[in-house]
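# Chain and residue survey
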Amino acid sequence: MEDSIDVILQDYGRIRPTNRPNPVLSACVGALLTGLYGVWRMFSMPGTRIIPSNLMVPYLPSSKGQTLNIMQLLEGRTGCLADLGSGDGRLVFAASSAGLQCTGFEINSILVAYSRGKACWRAVPSSQATFVRKTDLSTYNNVTAFLSPGLMEVLGEKLLKELPDDACVLTTRLPFPNWPQRTSVGSGLDQTFAYDISTVRSLRKVQKTVVS
Ligand SMILES: C[S@@+](CC[C@H](N)C(=O)[O-])C[C@H]1O[C@@H](n2cnc3c(N)ncnc32)[C@H](O)[C@@H]1O
């Protein structure tokens, strides 16, 4: 009887291959996945060492609908435009083709390099479209932003401090909390909101007077 069980087990082991993982294969798959994650992170997440994690915004390109809504709200506007978090530069190129002098502000240096390369490739002069990493907004009378909900309040304070009185701010998908909208176009995820800085400042003054 003992013999026959041994024989059965030996035969079973021969028929059924062992399920032990191959260490070389596991290491290769692990290295590949880590590499892919690293490439994805480089492109999609801004410089994580520069800003706190609660203010980080991943790269998510504007849809065609969002871009069209922005362009509709920019009709008749002239001067300089700042796109905050310009990604691959698609809004900058669209707005510069409508005659505005555009600057894309982008924290992710790979996306800055990509946008600059695209501008070179399309022969767009730097007087029409430039891409930088630092922001001084005092010379811009048009601002576009597609960032994240956690950033809107901080961004709103910065814009109120730095922008000239005739500036118009357009945001897609995310409105500013407590800012009076001039108008909005589109709906759902493509909805785009327009604000006049002078109106927001006037409301702030009234609110401060009422409180004090
Ligand atoms: C949602 S994407 C929008 C991309 C682009 N504006 C578009 O509409 O296709 C947000 C972009 O903002 C960038 N970003 C996030 N925080 C930033 C910051 N503090 N300063 C500049 N750019 C920032 C991200 O790297 C990302 O490319």
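Residues numbered from 1 in each chain as written. Predicted model: local features only at pLDDT ≥ 70, side-chain atom pairs only at ≥ 80, totals over all residues.

The name given to the protein in an unreviewed UniProt entry is Protein N-lysine methyltransferase FAM173B, and the organism recorded there is Cottoperca gobio. Under the heading Sequence similarities (unreviewed entry), UniProt records this for the protein: "Belongs to the ANT/ATPSC lysine N-methyltransferase family." (UniProt positions renumbered as here; feature names shortened; annotations may be inferred.)

### What about the sheet that holds strand β4 (residues 142-145)?
Pairing within the open sheet is mixed, and its seven strands lie in the order β3-β2-β1-β4-β5-β7-β6. Only two strands of the sheet have a single neighbouring strand rather than two, namely β3 (129-132) and β6 (183-185). Averaged over all pairs of adjacent strands, the angle between their axes in this sheet comes to 20°, without regard to strand direction. (Pairing = 2+ DSSP bridges. Helix = DSSP H or I, 4+ residues; strand = E, 2+ residues; numbered from the N terminus. Axes fitted to C-alpha atoms, helices over the stretch in contact; angles between N-to-C directions.)

### Looking at the environment of L68
Mapping L68 onto the fold places it in helix α3 (residues 64-74). According to the C-beta neighbour criterion, L68 is partly exposed, with 16 such atoms within 10 Å. The spacing of L68 and L91 is 23 residues in sequence and 9.6 Å in space, taken between C-alpha atoms. (Buried ≥ 20, exposed ≤ 12 C-beta atoms within 10 Å, placed from the backbone.)

### Let's talk about the nonpolar core
Ranked by internal contacts, the top residues of the largest apolar core, which has 31 residues, are A95, V143, A167, V169 and I197. The element contributing the most residues to this core is helix α4 (residues 90-96), with four residues. Once residues lying within four places of it in the same chain are set aside, the contact partners of A95 are L74, L81, L100 and C102. (Core = buried A, V, L, I, M, F, W, Y, C linked by C-beta atoms within 7 Å. Contact = placed C-beta atoms within 7 Å.)

### Details of the site of the ligand
The full set close to the ligand counts 20 residues, and V57, S62, G85, G87 and I107 are the nearest of them. For the shell around the ligand, a count of residues per class yields twelve nonpolar, five polar and three charged. (Near = placed C-beta within 6 Å. Nonpolar A, V, L, I, M, F, W, Y, C, P; charged D, E, K, R; others polar.)

### Focus on the pairing of strand β5 (residues 168-172)
Buried residues dominate β5, accounting for five of its five residues. Of the pairings in the sheet, the one linking β4 to β5 comprises four bridges and is parallel in character. In the sheet register, N142 faces β5, and the bridge partner there is C168. Following the backbone out of β4, through helix α6 (residues 152-162) and into the adjacent parallel β5, one traces a crossover that is right-handed. For β5 and strand β7 (residues 192-196), the ladder comprises five bridges, and the chain directions are antiparallel. Bridge pairing in β7 places C168 opposite D196. (Right-handed = clockwise from strand over helix to strand, strands pointing away.)

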